[in-house]
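Here's the letter readout for the chains.
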Amino acid sequence: MFNKTDYRPTKAIIDTTAIKHNAQHVRTHLPKETQLIAVVKAEGYGHGAVQTAFAALDAGASVLAVATPDEAIALRKSHPVVDILVMGPSPVSFAKVAAEQGITVTVTSATWVEQINAQKRFDRKCKVHVKIDTGMGRIGVRTESELSHLLGLLDQSDNLSIDGVFTHFSRADEENVEPTRAQFQQFMQMVACFPEKPRLVHASNSAATLLYPEYALDAVRLGVSLYGIAPSAVVAKKLPFELEKAMMIETELAYVKKLPAGERISYGGTYETSEEEWIGTLPIGYADGLKRSLIGQEVLVGGNRVPIVGTICMDQCMIKLPCDYPEGEKVVLIGKQGDEEITIEEWAERLGTIPYEISVTFSERIPRVYK
Ligand SMILES: *Cc1c(COP(=O)(O)O)cnc(C)c1O
């Protein structure tokens, strides 16, 4: 999935111990009987789905969750027995494959169920979780009448069996508790419509898991915080325990030179040395996820913050060094060096986005190294 290279000093170093720590801490924060669903979609938020899954299961997670059928099939190869839930929509054609591979899918649509009910009997039933839309407005059944129609169709199905029901909070990472409380209440009302309580009733994402342990129910779906990232600044301030960051992005100085004043750096010549300056070149660029708009962002060299100068190229970028450094000197783009730290949150703020988006932008070309 990620490139394996022996020749690239640019690496994402993934600390699986941090992932285990986060999973274990969440478990102790929740009621004993609440199960931990490790969300490993989008290659484990850029950390690698397979290795993250092993770490999370080791630390007490009992279910893996992904967004798409293809992610589930890929994960099934390394994890032959554990429950895998596809949280996003699946095409009708996937149900039979899901049944054969023991993959659980999400159901929201009556026509989807009707089409599967019309198919020849599967050898094994496909397990489904019913999705309830309590305010996210994305996928899911919204009314009791829609739900009872869907439950009727599922009841008649030879091919599908209900294993769970869930909803998704849209505002659990905010200061205001009211929208989440309302979503939870609406969810419980819908769950009461099931003739029999499904095995797994679940609602919480990372933010709700951390801030509302009273909404934990049978399971929580922990995504971003499994990787040590707080879902928002509001949640970061209220964390019940410290999260450990699992990703570090590191490279080395590939080239170092001293330039006189008045020399221009990189495409467009937008940066001009104002005095005699030491300029270092790093073998990482926007094709690796170091977005061009990160111009000016600092990196760590020798425990100090130094800025990226000039336009970021596809595969390389330049930094302004305080003095001469040897080629091969370690440079940290995300992570700690000495007393300094650069976080994914810092990049997110600079780019006007959320840490989630940053974690998934490091491309396949950056090898992931596990420790
Ligand atoms: C991505 C996702 C999660 C995990 O959310 P985090 O905020 O990363 O914990 C949980 N549930 C659903 C349905 C999702 O799509």
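Residues numbered from 1 in each chain as written. Predicted model: local features only at pLDDT ≥ 70, side-chain atom pairs only at ≥ 80, totals over all residues. Heavy atoms only, no water.

Inspection of the secondary structure puts arginine 8 in the segment before β1 (11-14). Taking relative accessible area as the criterion, arginine 8 reaches 14% and is therefore assigned buried. In terms of polar contacts, arginine 8 uses its side chain to reach the backbone carbonyl oxygen of proline 283, at 2.8 Å. When near neighbours in sequence (up to four residues on either side) are disregarded, arginine 8 contacts Pro283, Ile284, Asp288, Asp315, Arg365 and Ile366. (Helix = DSSP H or I, 4+ residues; strand = E, 2+ residues; numbered from the N terminus. Buried < 20%, exposed > 50% of the residue type's maximum accessible area, 1.4 Å probe, protein only. Polar contact = N/O pair within 3.5 Å; in protein donor to acceptor, adjacent residues only side chain to side chain. Contact = heavy atoms within 4.5 Å.)

Turning our eyes to something else, we now look at the pattern of salt bridges. As enumerated under the stated definition, the model contains 23 salt bridges in all. Across the salt bridge formed by arginine 181 and glutamate 178, the nearest N and O atoms sit 2.5 Å from each other. Placement of both arginine 181 and glutamate 178 in helix α8 (residues 178-191) is noted, with a separation of three residues, approximately one turn of the helix. One salt-bridge network, in which partners are shared between bridges, spans Arg8, Asp288, Asp315 and Arg365. (Salt bridge = Lys/Arg side-chain N within 4 Å of Asp/Glu carboxyl O.)

A few words on the site of the ligand. Near the ligand you find Val39, Lys41, Tyr45, Met87, Arg138, His168, Asn205, Ser206, Arg221, Gly223, Val224 and Tyr356, and these make up its full shell. Note that a nitrogen atom of the ligand is positioned 2.8 Å from one of the side-chain N or O atoms of arginine 221. The separation between an oxygen atom of the ligand and a polar main-chain atom of glycine 223 is 2.9 Å. For the ligand, the accessible surface in isolation is 390 Å², of which the surrounding protein chains cover 93%. Tallied by class, the residues present in the shell around the ligand amount to five nonpolar, four polar and three charged. (Near = heavy atom within 4 Å. Areas by Shrake-Rupley, 256 points an atom, 1.4 Å probe, with all protein chains shown as cover. Nonpolar A, V, L, I, M, F, W, Y, C, P; charged D, E, K, R; others polar.)

Note on aromatic pairs: each is described by the distance of the centres and the angle between the planes. Scanning all chains against the criterion turns up six aromatic pairs. Relative to tyrosine 227, the ring of tyrosine 45 lies with its centre 4.9 Å away and its plane at 25°, an arrangement referred to as stacked. Of the two residues, tyrosine 45 is situated in helix α2 (residues 41-45) and tyrosine 227 in the loop between β9 (219-222) and α10 (233-237); the sequence distance between them amounts to 182 residues. For tyrosine 227, a relative accessible area of 1% translates into the label buried. Consider the rings of tryptophan 347 and phenylalanine 362, whose centres lie 5.5 Å apart with planes at 55°: the pair is tilted. Pair noted here: tryptophan 347 is in helix α11 (residues 344-351) and phenylalanine 362 is in the loop between α12 (355-359) and β20 (368-370), with a separation of 15 residues, a long-range link. (Phe/Tyr/Trp six-rings, centres within 6.5 Å; stacked < 30°, edge-to-face > 60°.)

Okay, unusual backbone geometry next. Despite not being glycine, alanine 42 shows a phi value in the positive range, around 50°. Within the secondary structure, alanine 42 sits in helix α2. What makes alanine 42 partly exposed here is its relative accessible area of 35%.

On to the nonpolar core, then. Ranked by size, the top nonpolar core spans 114 residues in total, and within it Leu75, Trp112, Val130, Leu290, Val299, Ile319 and Trp347 carry the most contacts. Not counting chain neighbours up to four residues away, the residues in contact with valine 130 comprise Val107, Leu147, Leu150, Leu154, Gly164, Val165, Phe166 and Phe194. Of all hydrophobic cores here, the second largest spans six residues; its members include Leu259, Ile265, Tyr271 and Met318. (Core = buried A, V, L, I, M, F, W, Y, C linked by side-chain atoms within 4.5 Å.)

How big an interface is tends to be expressed through the accessible area that disappears when the partners come together. Domain parsing of the chain yields domain 1 (16-237) and domain 2 (247-342). For domain 1 and domain 2, the distance between their C-alpha centres works out to 41 Å. (Domains from an automatic or database assignment.)

Bringing the environment of tyrosine 370 into the picture now. By the element assignment, tyrosine 370 lies in strand β20. Residues tyrosine 370 and asparagine 3, spaced 367 residues apart in sequence, show a C-alpha to C-alpha distance of 13 Å. Dropping the residues within four chain positions of it, tyrosine 370 is found in contact with Ile14, Thr16, His47, Gly48 and Gln51. At a separation of 2.7 Å, a polar atom in the side chain of tyrosine 370 contacts the main-chain carbonyl oxygen of histidine 47. Engagement of the side chain of tyrosine 370 in a polar contact is seen with the side chain of glutamine 51, the distance being 3.3 Å.

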